Amino acid sequence: MQEILDAILSGDATSADYAALALPESYRAVTLHKDEEQMFAGLASRDKDPRKSLHLDDVPLPELGPGEALVAVMASSVNYNTVWSSIFEPVSTFGFLERYGRLSPLTKRHDLPYHVLGSDLAGVVLRTGAGVNAWKPGDEVVAHCLSVELESPDGHNDTMMDPEQRIWGFETNFGGLAQLALVKTNQLLPKPKHLTWEEAASPGLVNSTAYRQLVSRNGAGMKQGDNVLIWGASGGLGSYATQYALAGGATPICVVSSPQKAEICRAMGAEAIIDRSAEGYRFWKDEHTQDPREWKRLGGKIREFTGGEDVDIVFEHPGRETFGASVYVTRKGGTIVTCASTSGYMHQYDNRYLWMSLKRIVGSHFANYREAFEANRLVAKGRIHPTLSKVYALEETGQAALDVHHNKHQGKVGVLCLAPQEGLGVRDHELRAQHLGKINAFRNI
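Everything numeric here is computed off the predicted structure, so don't read it as measured data.

Novice: Now, about the packing of helix α7 (residues 204-215) against helix α8 (residues 238-247): what can you tell me, with residues and values included?
Specialist: When two helices pack together, their arrangement is captured by the angle between the axes and the distance separating the axes. Relative orientation of the contacting elements α7 and α8 amounts to 50 degrees, with a least axis distance of 9 Å. In terms of orientation, α7 and α8 fall into the oblique class. As α7 packs across α8, the resulting crossing turns out to be right-handed. Judged by residue contacts, V206, N207, A210, Y211, L214 and V215 of α7 engage Y240, A241, Y244 and A245 from α8. Its residues assigned to classes, the contact of α7 with α8 shows 9 nonpolar, 1 polar and no charged.

Right, dumping it as structure tokens:
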């Protein structure tokens, strides 16, 4: 493994040099263990501790298949799916691996008693499988997390519609929270040259998700002049939605939960900010009953920022806690675009405000290859910036996941894998200098 790292750090190793490197028989990876699926049985979600379920193990190097690449991972990041995996909610991810393993002899590799997690990476291609022409050893890459088989016609208009669509490192094995990772080469994208390894690893999943959800015609199709309500606007997903709204000529109305998070939104350029804690919003009277008066109060607050207009789009991801309010405050004919549901999957809303006002609810899940490419291209051009706030070592991934679980983080939380320290991997220093303030916005608050 040291020879691989030395080649990457040298900065002048050729493709032939990488192809000649000996591959290790095993590598270090953050894993879940199948025999621990019930370790948190009976506990409330908040009391489930990822530090207990996430392990740093030596695991065997997987077989490289056709159309795949083995990547040396310099850095990765923690997404909310890592938290879900680590607390075995809403289901154990080993069920995903078992189902995937039944698909073919090649996918059987994924059905193991351990699960290597992680749906982001920045690193260097070491090997490519049969039939791969677009990528070669030595290419510096990031990976998006869409894994598809594309053997059905359903996925050829929008790959997210493939019946065998999965999220790599969550519904498949050999993810990015490791020294090495196995990906399909149609997951690979060029690493933005002005970013460090840890910065480049942080946008992937959330940036692509926000692009499809808000910008793409498969999502809300945001246009100039739209008013966009963004829940959790300083978080891993909301911070990219805020940037897309600003970059696209829309007006983001950013909902946050503290003065510190409000400052982060201002640093991104947003002006309309609602601190829901300071305002004391309580959308539920009790566990079973919502409070429409609070929906109305939120709507009034929004109109103070918009000159009396309601929002055209609501960028929804908290789910149960906020969904009733989201449907209510959207303008007639507007769109609620939803993913995730971090506060609960069972949404409740008053359908009168949907049907009689001709509003739309649009479900959105990750992004297809083209959308992921476009989102990464905007990062590479310096139009959208990473929202990295803190970086952990690989052996500290459990603590990183706990911080995300308890919402103690801002933006994205990075993880160093092979990279021995932060700050490495920048190739375009001139472009970096132009955007350094935005790149570091989430670290400076």
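Novice: Go over the sheet that holds strand β1 (residues 26-33), please, and point to the residues and values.
Specialist: The 3 strands are arranged β2-β1-β4 in an open sheet whose pairing can be described as antiparallel. A strand with exactly one partner marks an edge of an open sheet, and here the two such strands are β2 (55-60) and β4 (114-116). Going from strand to strand, the sheet's axes swing by 60 degrees on average, the running direction of each strand aside. Bridge analysis of β1 against β2 gives 6 bridges, and the strand direction is antiparallel.

Novice: Describe the pairing of strand β5 (residues 121-128), and please don't skip the residues or the numbers.
Specialist: With 6 of its 8 residues buried, β5 lies for the most part within the structure. Sheet analysis places strand β3 (residues 68-78) next to β5, joined by 6 bridges and oriented antiparallel. By the bridge assignment, A72 is partnered in β5 with V124. Judged from the 4 bridges that link them, β5 and strand β6 (residues 140-143) form a sheet pairing that is antiparallel.

Rules used throughout
Residues numbered from 1 in each chain as written. Predicted model: local features only at pLDDT ≥ 70, side-chain atom pairs only at ≥ 80, totals over all residues. Heavy atoms only, no water. Axes fitted to C-alpha atoms, helices over the stretch in contact; angles between N-to-C directions. Helix = DSSP H or I, 4+ residues; strand = E, 2+ residues; numbered from the N terminus. Parallel < 35°, antiparallel > 145°, perpendicular 65-115°, else oblique. Left-handed = near helix turned anticlockwise from the far one by under 90°. Contact = heavy atoms within 4.5 Å. Nonpolar A, V, L, I, M, F, W, Y, C, P; charged D, E, K, R; others polar. Pairing = 2+ DSSP bridges. Buried < 20%, exposed > 50% of the residue type's maximum accessible area, 1.4 Å probe, protein only.

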